[in-house]
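Chain residues, written in single-letter form:
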Amino acid sequence: MFRAESFGYRHPVDRIADVWGPRTPHGRGADWPARVDQQLADGVSESDVDRWVPSACVLCSNGCGCDIAVKDGKIVGVRGRAEDLVNRGRLGPKGLFGSWQAHGKERLTRPLVRRGGELVETGWDTAMDLVVRQSRRLLEEIGPLSHGFYTSGQLFLEEYYTLGVIGKAGIGTPHMDGNTRLCTATAAAALKETFGADGQPACHTDIDLCDALFLYGHNMAATQTVMWARVLDRIEGPDRPRVVVVDPRTTPAAEAADVHLAPLPGTNQALMNGLLRAVIANGWVDHDYVSHHTLGFDELKATVEPYTPQHVAEICRVSPAGLLRAAEIFGTSQRVLSTVLQGFYQSHQATAASCQVNNLHLLRGLIGKPGSGVLQMNGQPTAQNTREAGADGDLPGFRNWDNPDHVEELARLWNVDPLTIPHWAPPTHAMQIWRYAEQGSIMFLWISATNPAVSLPELARIRRILRQDDLFVVAQDAFRTETTELADVVLPAAMWGEKTGTFTNLSRVVHLSEQAVAPPGEARSDLDIFLDYARRMDFRDRDGDPLIKWTDAEGAFKAWQECSRGRPCDYTDLSYDKLRGSGIPWGGERLYTDSVFPTHADYCEDYGHDLLTGASTTPTDYKARRPDGRAFLKAAEYTPPPEVPSDDYPFIGTTGRSVYHFHTRTKTKRAPELQKAAPQPWVEISASDAADLGVAEGDLVRVESSRGGVEVPVRIGRCRDGVVFLPFHYGFQAANELTHTEWDPVSKQPLYKLSAVRIRKV
Amino acid sequence: MHLATYLGLLHTSLRSLAAAFREVAKGHGDEPDVQHTCTVLASRIDAQTEKLGPIVGRYGEDREDEPERLHTAEFTETRSGGVGLLRDLQDLYALASFTDITWTVVGQAAQGLRDKELMDVVSSCEQDTARQLAWLQTRIKQSAPQALIAARG
């Protein structure tokens, strides 16, 4: 409920109906006014609350600062922090209702092990003994390559770093990744390709300062509601920014836009090449900036030259006038902020298209300046930390796996032989980890805080892999999920509010989330579980001392600070004490204010790739280009997507998000308000397609791809003709029964937005 | 002048290489990245062959069967499993290297002949061949440890 009295609103607001809450308009350059949103359990008033424990919300990547309400040792609600730079007191519906209500419901409180085909409760010693026995046996028989770790975008930095050290220096396996592969791998990849290292250049304040806002494949109104409230406040205030939205659906964001471009799914690269061509052809390029701070302009210009408005219109099925209008807004606005998300990241040529957004900004020199920049968005709340701390397919501290000096630094820090740290090829991406498991060469798979049996593509295949007799699966979660039901050992984990740690949002703002209550039963923090495994495995450094030298979250944070020292994501200026006030960004408010990019060969996170094939650039070739602080204008031609509609499967199916649910609903389905708002999956189709199919709103239809099918009711509207949309959150009639095992060549992010499907009335 | 012989050799090697990429794509459908990338690269090799058309029109071509021999020896059928994938990619690497050096030889002739058009064709096709080799090397390096150490069967 919106706390009405303090800020002049007389009536409480139903935040299920009004997901963005009341407007507090502000003009360009004005501070975004505070508005404190609060939700307490029925019958609990503010005066009943014993303690407010500072934290930040973990139900999207915005990372809104909040306080957790505690009464009698239980979490009873949440309120936004007015002083936090990210949200100025606001919370979205997921934060208000979904962040705290699941804590007491249907939790895992004891470890489970599979006996005679059934999961049965047991103690920690029995469960961990089993895990350690399997782990030891496989290390002896086959070696580190038998082990894979598949983690999350929802743990804390301290947990990822600990897991990263265990995997990379304890076991020495390259097979570590997070479900961040599914949500933000392309953000990281596009930033690395263009700027040399991960890290979001822009900040939230740029929304307050921009003259134009571009949303590329980003339904911000549903995925980051508080961020969108900030945009709406600009739109309703004086000097409103012009808004351009690229999305095949007419989302609420698209409805608020001055220009809405709805390209056919799979054609983003053609559209971006068209925008770039128009900006170049109209002379909106800052040639001085380009010549001093970038590499590759001539190749980019030549590559985009064939993408005339007419040619782009034919490929993307957008109007040439709309394309030119969007290019004009980009080319003539003084300050431009761009955001990019799944419509680009989970589509064909994901990294290539996302790099073109960076290119547009570089061509005009609109980066690292107030009101101008790029947010290659994250999806999950702590995805940035998975990437920073090396729990995914990267080395910790944005280090370059192909740079022996970086590997040596880590080896020194951890006091291990550099050969222990796998660096003969890029760390294995999630889709390949699952492939190795399918082939039987990964036999030990530890899944933490994620539910791949709902979130990965082609679920029939994923279930088959998880059921393989020769694959030992450990699943670590707060609840029983579709995934834990297929595991051999299930470890009960503490949730947000039940443990302490830090995490970093989509604009690099780090928050400390402190423990408010004890975990239920025997549940333990993910950090404690990883530490227990390390202790039982007896991982040692070169001097025979324990490899992991910390025992709690703050100790892990300090160890991470040392690891980050001197790297782009340097945390050494932060501390738990400093973070007790409110969120603080690493790297300053904006990156690249001096137009110097982290592309020096000895500093960069990656030597880059060919955008078409994903071929790695060799160190020799990279050094020969002498980037030395200049950004790369990487170009790519458009290629047709791997799956297109056919006579048998005439529609393009895309998956996405509901404003009321997060990921696979483990938390949000346990919040009655959210569950009631969106209890079951659906398929959304255009009015014209519905008429052709002879179906009406609410009719049950079967949606099928060559991989599988679901039966769901129809919703009419929002999609362009020929395109249908399914929310991916649900574990029943799951959208990912339809999706295919296919990924972007550079970021390795699966192509969820492109499944050829057919529809018939049931 | 023996340029016609080399243009024939190049022409045949491009055809063999495109066919080999398509066979590997077809045989390794369970590796979606291999399937997709091989298909994309095969169609780009077709484009190289087209660029060669006007050059052949000018200088003629004498066909030799050497790349065909290389191709048939290696690609009667694709292999399976981790090591099988590795071997198939390695064969593609050998074929692509053959094409690469053939382009180099033709490029040298183009310079001797001061044939600007042929030089431009060689330059763009050499870049494309470098891309094939770079991708093959990346994918082979990624697969090798798992295939040789941990794979079963």
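Keep in mind the model is a prediction, meaning the values are calculated, not measured.

Some points on the interface of chain A and chain B
So, point 1. Tallying the contact residues gives 27 residues for chain A and 25 residues for chain B.
So, point 2. The junction of chain A with chain B conceals about 2,300 Å² of combined surface from both sides, 53% of it contributed by carbon and sulfur atoms.
So, point 3. For chain A, the biggest contributors to the area lost against chain B are A:Leu145, A:Arg435 and A:Thr613; these three give 20% of the whole.
So, point 4. At the junction of chain A and chain B, the tally comes to three salt bridges.
So, point 5. Put simply, A:Asp610 and B:Arg131 hold a salt bridge, and the shortest N to O gap is 2.7 Å.
So, point 6. There are eleven residue pairs in polar contact (both at pLDDT 80 or more) connecting chain A and chain B.

What to know about the domain arrangement of chain A
Residues and elements named next belong to chain A.
So, point 1. Domain annotation of chain A identifies domain 1 (5–98), domain 2 (112–184 + 383–564), domain 3 (185–377 + 592–631) and domain 4 (651–739).
So, point 2. A separation of 33 Å is found between the C-alpha centroids of domain 2 and domain 3.
So, point 3. With 19 residues of domain 2 in contact, the opposing surface of domain 3 contributes 30 residues.
So, point 4. Roughly 1,800 Å² of surface becomes buried between domain 2 and domain 3 when both sides are summed, with 44% attributable to carbon and sulfur atoms.
So, point 5. When the buried area of domain 2 at its contact with domain 3 is split by residue, Thr184, Phe398 and Leu506 rank highest and sum to 32% of it.
So, point 6. The interface formed by domain 2 and domain 3 contains two salt bridges.

Details of the sheet that holds strand β17 (residues 489–492) of chain A
Residue and element names in this part refer to chain A.
So, point 1. Read from one edge to the other, the open sheet built from seven strands follows the order β6-β5-β17-β16-β15-β7-β8, with strand pairing classed as mixed. A strand with exactly one partner marks an edge of an open sheet, and here the two such strands are β6 (118–121) and β8 (176–178). Averaged over all adjacent pairs, the angle separating strand axes in this sheet is 20°, with direction ignored.
So, point 2. Across five bridges, the pairing between strand β15 (residues 444–448) and strand β16 (residues 472–477) is parallel.

Side note on helix α5 (residues 185–195) of chain A
Residue and element names in this part refer to chain A.
So, point 1. The element α5 is extensively covered by neighbouring structure, given that eleven of its eleven residues are classed as buried.
So, point 2. Every buried residue of α5 is accounted for by Ala185, Thr186, Ala187, Ala188, Ala189, Ala190, Leu191, Lys192, Glu193, Thr194 and Phe195.
So, point 3. Along its buried surface, α5 packs onto α4 (180–183), α15 (342–345), α16 (350–364), β14 (373–376), α17 (383–389) and β21 (631–632).
So, point 4. Phi for Gly196, located one or two positions after α5, is positive at around 95°.

Digging into the sheet that holds strand β11 (residues 259–261) of chain A
Residues and elements named next belong to chain A.
So, point 1. If you walk across this open sheet you meet the five strands as β11-β10-β9-β13-β14, and the pairing is parallel. Only two strands of the sheet have a single neighbouring strand rather than two, namely β11 and β14. Here the strands of the sheet are splayed against their neighbours by 10° on average, with no regard to which way each runs.
So, point 2. Alignment of strand β13 (residues 336–340) against β14, held across four bridges, turns out to be parallel. Within β14, the position partnered with Val340 by the bridge is Gln376.

Cut-off values and rules
Residues numbered from 1 in each chain as written. Chains lettered and ligands numbered in written order. Predicted model: local features only at pLDDT ≥ 70, side-chain atom pairs only at ≥ 80, totals over all residues. Heavy atoms only, no water. Contact = heavy atoms within 4.5 Å. Buried area = accessible area lost by both parts, 1.4 Å probe. Salt bridge = Lys/Arg side-chain N within 4 Å of Asp/Glu carboxyl O. Polar contact = N/O pair within 3.5 Å; in protein donor to acceptor, adjacent residues only side chain to side chain. Domains from an automatic or database assignment. Pairing = 2+ DSSP bridges. Helix = DSSP H or I, 4+ residues; strand = E, 2+ residues; numbered from the N terminus. Axes fitted to C-alpha atoms, helices over the stretch in contact; angles between N-to-C directions. Buried < 20%, exposed > 50% of the residue type's maximum accessible area, 1.4 Å probe, protein only.

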